[in-house]
Structures are given as C-alpha cells and as structure tokens.
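Analysis of the macromolecular model
Listed here are the chains, written in short residue letters.
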Amino acid sequence: MKNLLLLLFLTPFITLSQVSGTITEDASGQPLYGAKITASTGERAITGPEGKFSILPSSYPVTIIISAANCVSDTLTFEVEGKHKVKMGLVATGDVQVIKTVVVTAGRRNQNIEDVSISMEVIKPQLIENKGIVDLEQAVDQSPGVYAMDGSVSIRGGSGFAYGAGSRTLVLWNGIPLTSADAGDVRWTSIPLECASQIEVIKGASSVLYGSGALNGIISLTESEPTTKGEFRAKIMAGIYENPRRESLKWWSSNPMFYTGDVYYGKMYKKFGYTVSLNAFTTDGYKEGEVLDRARVSGSLFFRPIEGKRLKLGLGYNVQYEKNANFIIWESDTFAYTPSGGADLNDPATTLTVNTALTASFDPYLKAYDKKNNLHVLKGRYYYIDRANLTNPGQSTTSTVIFGDYQFQKKWGEGTVLTTGLTGTRNGVVSALFGDHNSMNFAIYTQYEKRWKKLDITGGVRLEYFQQDGRQGDSDFYFGKDTTGAKMPIYPIARLGLHYQVARGTHLRASFGQGIRYPSVAERYTKTSVGALNIFPNENLGPETGWAAEIGVKQVFLIGKKWKGMLDLSGFINQYNDMMEFTFGVYVPDGVSPNLTIGDPNYVGNYIGFRANNAEQARIIGAELSFNSAGQIGDVEVVSLIGYTYMNPVSLNQDSNYLRTLSTYDEETGEYDNTLKYRFNHLVKADIEATWKGLSVGFSARYVSAMKNIDKTFEEEAIAGTGIYIMPGLKEYRVANDSDGSFVMDARIGYNFLEHYRVGFMVNNILNNEYVSRPGDVQPPRSYMLQLKATF
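Being a predicted model, the structure only gives us computed values, none of them experimental.

1. Some details on the overall build of the protein
- Scanning the protein for helices and strands turns up eight helices and 43 strands.
- Of all 792 residues assigned to the protein, the portion counted as buried reaches 55%.
- Split by element, the accessible area of the protein, about 33100 Å² in all, is 58% carbon and sulfur.

Structural data, given as structure tokens:
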C-alpha cells in the first residue's frame with residue numbers, strides 16, 4: 001500500500017495562471033520522478049527528479065489528471081484563475097500495481113510496455129517463485145519465443161547449439177552485460193534471481209544502447225530496491241526425480257534428490273540502504289555423475305547524501321562458488337543418462353568432467369541530476385571468473401572483465417528524451433586451454449525519442465571499436481559491397497522504432513535494428529577433445545553482423561479496474577551475415593602433410609572434428625502471437641503468460657562442403673532441407689495461475705516441434721568404415737523420440753497461511769515424457785517439489 005502526498009501551489013513569481021506542484025511518495029518521503037500531469041486543455045508535463053512540475057493551462061476551468069506508475073490516478077479541477085493551495089492524498093493498492101507493467105531496458109528509462117516499439121515480454125518474480133525455478137536459464141525458458149538448450153538461449157531461432165561458447169543473446173544485470181571474457185557465454189546459474197524485481201526479454205537486435213552480443217536480443221534483470229519498511233524473505237525447497245519410463249535410463253538404486261534455499265533482506269533508511277541475499281543449491285543429478293553444489297551471496301549498498309534527492313551512490317556485489325560434474329556425450333541412446341565411458345572418474349575412458357567455478361562481480365555506480373534536471377549515470381563492473389577443470393587441469397581458465405559506462409539523459413516535457421553515452425570494456429584471459437589473450441571494446445552511442453501526440457519515434461546510432469590481442473580489423477566498416485573499398489576502423493550500428501496509439505488500448509509498432517558480435521576467445525582458440533569429439537581453433541574467425549525488423553500490434557483489454565490483458569501479434573524477419581557456427585570437417589594445420597589414410601583412426605583422432613567458422617548467411621522469417629494478463633476478476637486473481645511463435649530459419653549457404661554437414665543431406669540425390677541446424681518451426685508456451693482466498697493453482701505447457709537439421713556426423717560414423725561414432729544411436733533415437741517434437745506439462749498448487757507464509761507443491765513433466773533440448777541431452781523425468789516460503 002502506497003500513499004501519495006500531493007502539494008499543489010501557485011507560483012506568483014511567474015504568472016497566476018500557472019499551476020505548479022510537487023509530488024512525493026508519502027511512505028518514504030521521496031519525490032516521484034516521472035509522474036504524468038495532463039490538463040484537459042491538452043497541456044502535459046512530467047515531474048522532475050525532485051517531484052516538481054509546472055503546467056500553464058490555455059483556458060479555465062481546467063481539470064488536471066495526476067498519474068504515476070503503481071499509483072491510483074486522481075484529478076483536480078480549477079474553476080477560475082487565482083491563487084490556489086491544495087493538499088490531497090492519493091492511494092495506490094496492490095490491485096493496481098499489477099495493472100501497469102513498467103520496463104526499463106528498451107530506452108534505459110521507465111516506460112509502459114505498451115509504448116515500447118519492439119517486442120518485449122516480462123517475467124514476474126511470482127512465476128519464478130511459484131514454479132520452483134532455480135536459475136535464469138529455466139526462468140527465461142518460460143517466455144514465449146525463447147528456447148533454452150544446455151547453456152545456449154535462443155530468441156526466435158536466432159541461435160543454435162554452441163558447445164558453451166559464444167552467445168547472441170545479451171544478459172544484463174542492472175543494465176550491465178554479464179558476458180564472460182573467455183568463452184563469451186553467460187553463467188546462468190550464478191545470477192541472483194532471489195533479489196531480482198523482474199526479467200525483461202527484448203526480441204530482436206538491440207545493440208545500439210548495449211553493444212556487442214545483443215544480436216539476437218536482450219534478457220535484462222533489475223535488482224529490487226529496498227523500502228523504508230524493510231523486507232525479509234526466506235524459502236526452502238526439496239525435490240525428487242521419479243523413475244523414467246525407460247528402465248534402461250535408470251542408473252540409481254535410490255531416486256536422486258535436490259535441495260535449495262535462499263534468504264533475502266533489504267531496508268532503506270533516510271540516507272543509507274542495503275540488501276543482502278544468500279542462496280544454496282545441491283543436487284544428486286538425474287544424469288549419472290552430474291552432481292552440483294553451489295553457494296552464493298549477493299546484494300547492494302545504497303547511499304544518498306544529505307541533499308539525496310539529486311544524488312545516489314551504490315555498490316552491488318555477487319559472489320558464487322560452484323562445483324559440478326557434467327558431460328556432453330552419452331554412452332548410447334539406450335543409456336542416455338550415462339556419460340560416454342561411464343561415470344567412474346578413475347576410468348580414463350570417461351567423458352564426465354568435474355569443474356569448479358568462482359564467480360565474482362562488483363558494480364559501483366553513481367546517479368546524479370544537475371541543476372537543469374539532466375540525468376548523469378556512471379556505472380562500472382569488475383567481473384571475475386575462475387573455472388578450474390579438476391578432471392583435466394590443462395583446460396582451466398581465469399578471466400576478468402572491467403566495464404565502464406557513462407550515460408547522459410535529458411528530457412523535455414513528457415515525450416522527448418535524449419540518451420547518449422560512452423562505454424569501455426577491457427577483457428583479460430589466462431588459460432592453459434586458450435592461451436593468454438586480451439581485448440578492448442569502446443563505443444559511443446546516442447538515442448533520441450520524440451512524441452507527437454499519439455506517435456512516438458525512436459532513433460539511435462552506436463559506433464563500435466574492437467581489438468583482440470592488439471589485432472585490429474574486427475570492427476572495420478567498408479564503404480561498398482566488398483573489402484576492397486574505403487574503410488574505417490569503427491563499426492556503425494543503427495536503430496529506428498515507431499509506436500502509434502491508434503485508440504485507447506490499441507498500439508501499433510514497427511522497429512528496425514542492427515547488431516554485431518565479435519568472436520570470443522573460446523571460438524577462436526579452443527583446441528580440445530571430449531571422447532570422439534574434437535574442437536579445433538580458428539584464428540581467422542571474423543565477427544558476425546545482422547539486423548532485425550518487425551511490425552506488431554498490441555491490444556489491451558480491461559475487465560473492471562483490477563484485471564488487464566494484452567494480446568500481441570507481430571511479424572518479424574532477422575538476417576545474419578557471416579554467422580559463427582561450429583562446423584564439422586577435416587582441419588589439417590598449415591604445413592602438416594599427414595602420412596595417414598582417411599580410414600585410419602589416428603587421422604580421425606588428429607584432424608577430424610569441429611571448428612568455429614563464418615559458415616552462415618541466414619534468414620529467419622516468422623510471426624508471434626502472445627497473450628499476457630494480470631489482475632483480479634471478481635475474487636480470483638488470474639495471471640497468464642501464453643505465446644505461439646512460428647519461425648522459418650533457413651540457411652542461405654550454398655557451399656557443397658557445408659551442405660554435406662546437414663543431417664538431411666542425401667549424398668545420392670543431393671537433396672536437403674535448408675533449415676538452420678538446431679532450429680525448429682513451432683514453439684508454444686502457456687502458463688496460467690489462478691488464486692482465490694490464498695489458494696493458488698497453476699498449469700504450464702510447452703511444445704517444441706522437431707529439429708529438422710543437426711550435424712550429420714552426430715548421426716553417422718565420423719568417417720565411414722571406422723566404426724567410430726560421436727553420439728552412438730542418435731539417428732535411431734531421433735526417429736523414435738523426436739520426429740514429432742516434444743510436449744511437456746507442469747502443475748503447481750500453493751496456499752498462503754498465517755499472513756506471512758506460503759507452502760507450495762509442484763510437479764514438473766507430469767506425463768513423464770522423454771524429450772531432449774539438443775541432440776543427446778535427454779531432459780529430466782517427472783519430478784516433485786515441496787516449497788515453504790516466509791515473507792515479513
């Protein structure tokens with residue numbers, strides 16, 4: 001429950017007809033920045049950082065509407081010009097809070113989701129908590145159009161399986177990228193969901209404001225800020241895996257279990273505030289040998305000086321230690337939960353790998369408003385990852401990221417915003433696997449937003465400079481169709497977005513955005529092997545570029561004042577150039593002429609495998625329909641997140657050597673399906689939860705159509721006649737289990753009691769279906785979870 005204390009007074013020094021005032025939040029005494037003031041005569045204003053506004057009505061009588069996010073709107077009527085002094089309290093309830101969805105990522109500022117010119121989804125903490133989700137990869141897999149596969153997250157088919165290296169989806173924590181310096185990946189399990197306010201998912205290239213890596217989209221998390229009242233949350237959960245349908249998958253004598261718990265506390269005082277959270281997770285693993293233990297501490301410190309309405313300082317921190325064992329290659333389709341070579345770590349044939357990881361980030365920041373109410377934000381991050389391979393110490397790496405960003409933002413009235421800034425990143429890698437490397441990335445960006453009544457236009461540009469190990473050229477931009485023309489060492493990226501409110505509740509949008517991604521150290525320099533799977537380096541690997549365009553319409557539905565639904569329909573097209581992809585082939589080092597025949601197993605062991613290449617020119621065309629809702633219908637609170645995504649991801653690569661790597665390629669006829677590898681055409685997500693008098697019931701379902709193309713070598717002998725298979729039995733498995741796609745259902749029930757407590761029971765994979773996220777990665781059987789949560 002929040003109260004607004006509204007102090008309105010005339011300012012006689014300017015003119016008697018001017019209405020000015022201050023809006024503050026009564027609970028904390030803090031000014032409300034961004035509250036909207038609208039006069040019946042058409043004038044508009046927005047409160048500044050001190051909650052102040054002024055408006056000059058063109059005639060009287062006039063009615064002024066005051067509204068703010070998560071607050072009940074109210075009106076004031078002035079009959080005649082004169083000196084008025086009004087004091088009014090406005091009330092906002094929890095029922096209203098769910099009606100508005102405010103997002104930050106699209107424009108680096110607060111916006112209503114209806115006003116954003118690009119497709120976005122928002123995942124609320126309620127869904128994460130009630131489903132028993134334990135990491136970010138599981139969380140974003142709930143969003144329409146998003147698909148997670150063994151550490152790789154794809155938005156609208158933009159990514160395939162990348163073997164843990166490289167990501168086209170940029171993950172942000174408090175507006176700062178969380179991409180590692182060595183593999184260019186995301187540590188999904190290290191992100192503190194327990195203190196996140198919400199998850200925002202942007203679909204499409206979004207590199208103008210955030211830079212390299214946002215080629216496919218953005219997943220952004222913002223930390224919850226403490227209140228003056230203070231908040232304490234605690235949660236524990238225990239789960240157990242049921243036996244799979246196929247007896248051959250069961251490797252255990254007693255069913256494996258998992259446990260998790262977290263504690264959070266936050267409080268804001270007049271000048272100082274803080275949050276702190278603790279999290280722990282342990283599991284026996286449903287796959288043989290894949291145990292996992294992790295512990296995390298995270299939080300923030302906030303400081304507002306005496307004149308704290310215009311200045312805020314802070315420091316965020318997150319430290320996690322994790323020990324896990326995992327494998328990529330199964331023993332066979334019959335024993336899919338067992339690693340190739342078995343799970344005995346003393347057996348040199350095992351492909352089970354034991355790793356530890358220490359992840360630490362420290363994020364200082366400063367926010368200040370100058371005398372003209374312009375916003376200045378200075379953010380930094382020190383991001384450290386120490387990955388130790390206990391099975392093979394020669395594959396251990398240590399990496400650091402030092403990040404800095406200065407942002408300037410100026411607003412005129414309600415609808416004109418200029419955002420501009422500078423970003424710098426310094427990466428360092430020390431590794432026995434990759435070698436020692438460093439890189440630098442600098443950028444300057446600007447975005448301008450302008451509103452004309454019901455039309456919003458957004459335009460932006462970013463200039464990127466990148467170099468790795470002192471080598472330039474990755475960010476070169478050529479004026480012409482090839483590399484023979486004039487060039488500059490800075491790569492430009494542009495974005496344009498339009499939003500038009502056709503009628504109350506009806507919003508049209510269109511957007512176009514470009515993106516770029518530079519090769520990670522792992523993609524360029526990895527040389528390793530796992531069982532029969534070899535990975536080779538490619539120092540000549542270049543960056544990939546692309547663009548995304550879409551057009552969409554969003555219709556808002558209201559039932560009373562307590563329930564809001566949004567139906568969204570969009571069509572999109574994504575184009576990728578020089579897409580980096582691990583490609584199977586024969587890779588003989590320069591200057592080496594092996595005296596081996598192609599059928600010799602030593603040839604396979606030394607020169608046959610995968611290497612990251614700029615193999616793809618690709619295009620993805622599709623459409624998406626989603627329906628999200630929140631609020632109360634009568635006495636029942638109904639929350640939903642539903643979506644269907646159709647994608648046609650096609651390769652434009654006509655090189656015969658590449659085409660032979662497709663699993664649909666027929667050597668005799670030369671016929672093939674040109675669908676991109678590790679993609680599919682149809683993705684359906686649905687989650688609905690209803691709550692009545694403290695009792696909640698929820699259901700979710702996911703359908704993914706079959707992958708048409710994977711790497712052909714996974715289904716066949718690595719080299720004909722050798723009898724060596726990378727993934728034994730995969731071809732037969734895909735025909736038997738994956739030809740129709742996969743369908744999964746989950747259910748949950750919960751009850752709130754004694755005001756502060758909640759107990760929940762969840763069942764995942766109710767039908768106990770057997771399905772995979774990527775070839776060879778069979779997902780968990782049915783599991784049961786019991787959860788207890790307390791909030792004060």
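Moving on from the coordinates now.
2. Focus: the pattern of salt bridges
- In total, this model carries 38 salt bridges according to the counting rule given.
- E544 is paired through a salt bridge with R168; the nearest N and O atoms lie 2.6 Å apart. Highlighted residues: E544 in strand 35 (residues 544-559) and R168 in the loop between strand 13 (152-155) and strand 14 (169-173), separated in sequence by 376 residues.
- On the basis of relative accessible area, R168 is assigned to the buried category, the value being 7%.

3. Observations regarding unusual backbone geometry
- Residue D469 is not a glycine yet carries a positive backbone phi of 55 degrees.
- By the secondary structure assignment, D469 is in the loop between strand 28 (455-468) and strand 29 (477-478).
- With a relative accessible area of 33%, D469 lands in the partly exposed category.
- Its identity is not glycine, yet N768 carries a phi of approximately 55 degrees, on the positive side.
- Along the chain, N768 falls in the loop between strand 42 (757-764) and strand 43 (783-791).
- With a relative accessible area of 7%, N768 lands in the buried category.

4. Some thoughts on empty space enclosed by the protein
- Scanning the model with the defined rule gives 12 cavities of 30 Å³ or more in all.
- Sorting the residues of the lining of the largest cavity by element identifies strand 14, helix 4 (207-210), strand 24 (375-389), strand 25 (397-412), strand 26 (416-431), strand 27 (437-452) and strand 28 as the ones contributing at least two each.
- By residue class, the composition of the lining of the largest cavity is 15 nonpolar, 15 polar and five charged.

5. Examining the packing of aromatic side chains
- Scanning all chains against the criterion turns up 21 aromatic pairs.
- Measuring from centroid to centroid gives 5.5 Å for Y241 and Y286, while their planes differ by 55 degrees, and the two rings are tilted. Remark: Y286 occurs in the loop between strand 20 (272-283) and strand 21 (292-303) and Y241 occurs in strand 18 (residues 231-241); sequence separation between them is 45 residues.
- For Y286, a relative accessible area of 11% puts it in the buried group.
- A centroid spacing of 5.4 Å and a plane angle of 70 degrees characterise the contact between W330 and Y733, whose relative ring orientation is edge-to-face. With a gap of 403 residues between them, W330 in the loop between strand 22 (311-326) and strand 23 (353-369) and Y733 in helix 8 (residues 730-737) connect regions that are remote in the sequence. Take W330 and Y733: they sit in the same class, and that class is buried.
- Within the aromatic cluster, the residues linked to one another by ring pairs are F232, Y751, F753, Y757 and F792.
- Across the ring face of Y264, the terminal group of R233 is positioned such that the distance to the ring centre comes to 4.0 Å.

6. Details of the sheet that holds strand 17 (residues 217-223)
- In space, the five strands of this open sheet follow the order 11-16-17-14-15, with mixed pairing throughout. Of all strands in the sheet, those bounded by a partner on one side alone are strand 11 (120-123) and strand 15 (176-177).
- Bridge count for strand 14 against strand 17 is five bridges, and the pairing is parallel. Paired with L170 across the two strands is I218, which belongs to strand 17.

7. Regarding helix 8
- Residues of helix 8 that are buried: L730, Y733 and R734. Buried residues along helix 8 cover an arc of 100 degrees about the axis, so they all sit on one side. Of the residues in helix 8, the exposed ones pointing more than 90 degrees away from the buried face are E732, V735 and A736.

8. Re a nonpolar patch on the surface
- A grouping of I236, L695, V697, F699, I749, Y751, V759, F761, L786 and L788 is seen on the molecular surface, where their side chains present a nonpolar patch of about 850 Å² in accessible area.
- Those elements giving two or more residues to the nonpolar patch turn out to be strand 40 (695-704), strand 41 (742-753), strand 42 and strand 43.
- Residue contributions to the nonpolar patch peak at three residues, all from strand 40.
- The residue L786 is located in strand 43 in this model.

Cut-offs applied
- Residues numbered from 1 in each chain as written.
- Predicted model: local features only at pLDDT ≥ 70, side-chain atom pairs only at ≥ 80, totals over all residues.
- Heavy atoms only, no water.
- Helix = DSSP H or I, 4+ residues; strand = E, 2+ residues; numbered from the N terminus.
- Buried < 20%, exposed > 50% of the residue type's maximum accessible area, 1.4 Å probe, protein only.
- Areas by Shrake-Rupley, 256 points an atom, 1.4 Å probe, with all protein chains shown as cover.
- Salt bridge = Lys/Arg side-chain N within 4 Å of Asp/Glu carboxyl O.
- 1 Å grid on protein atoms, 1.4 Å probe; cavity = no way out; pocket = protein on both sides within 12 Å on 5 of 7 lines; lining within 4 Å.
- Points joined across faces, edges and corners; volume = space filled by probe spheres on them.
- Nonpolar A, V, L, I, M, F, W, Y, C, P; charged D, E, K, R; others polar.
- Phe/Tyr/Trp six-rings, centres within 6.5 Å; stacked < 30°, edge-to-face > 60°.
- Lys NZ or Arg CZ within 6 Å of the ring centre and 35° of its normal.
- Pairing = 2+ DSSP bridges.
- Arc of directions from axis to C-beta.
- Patch = residues over 30% accessible without salt bridge, like charges linked within 9 Å, V, L, I, M, F, W, Y side chains within 5 Å.

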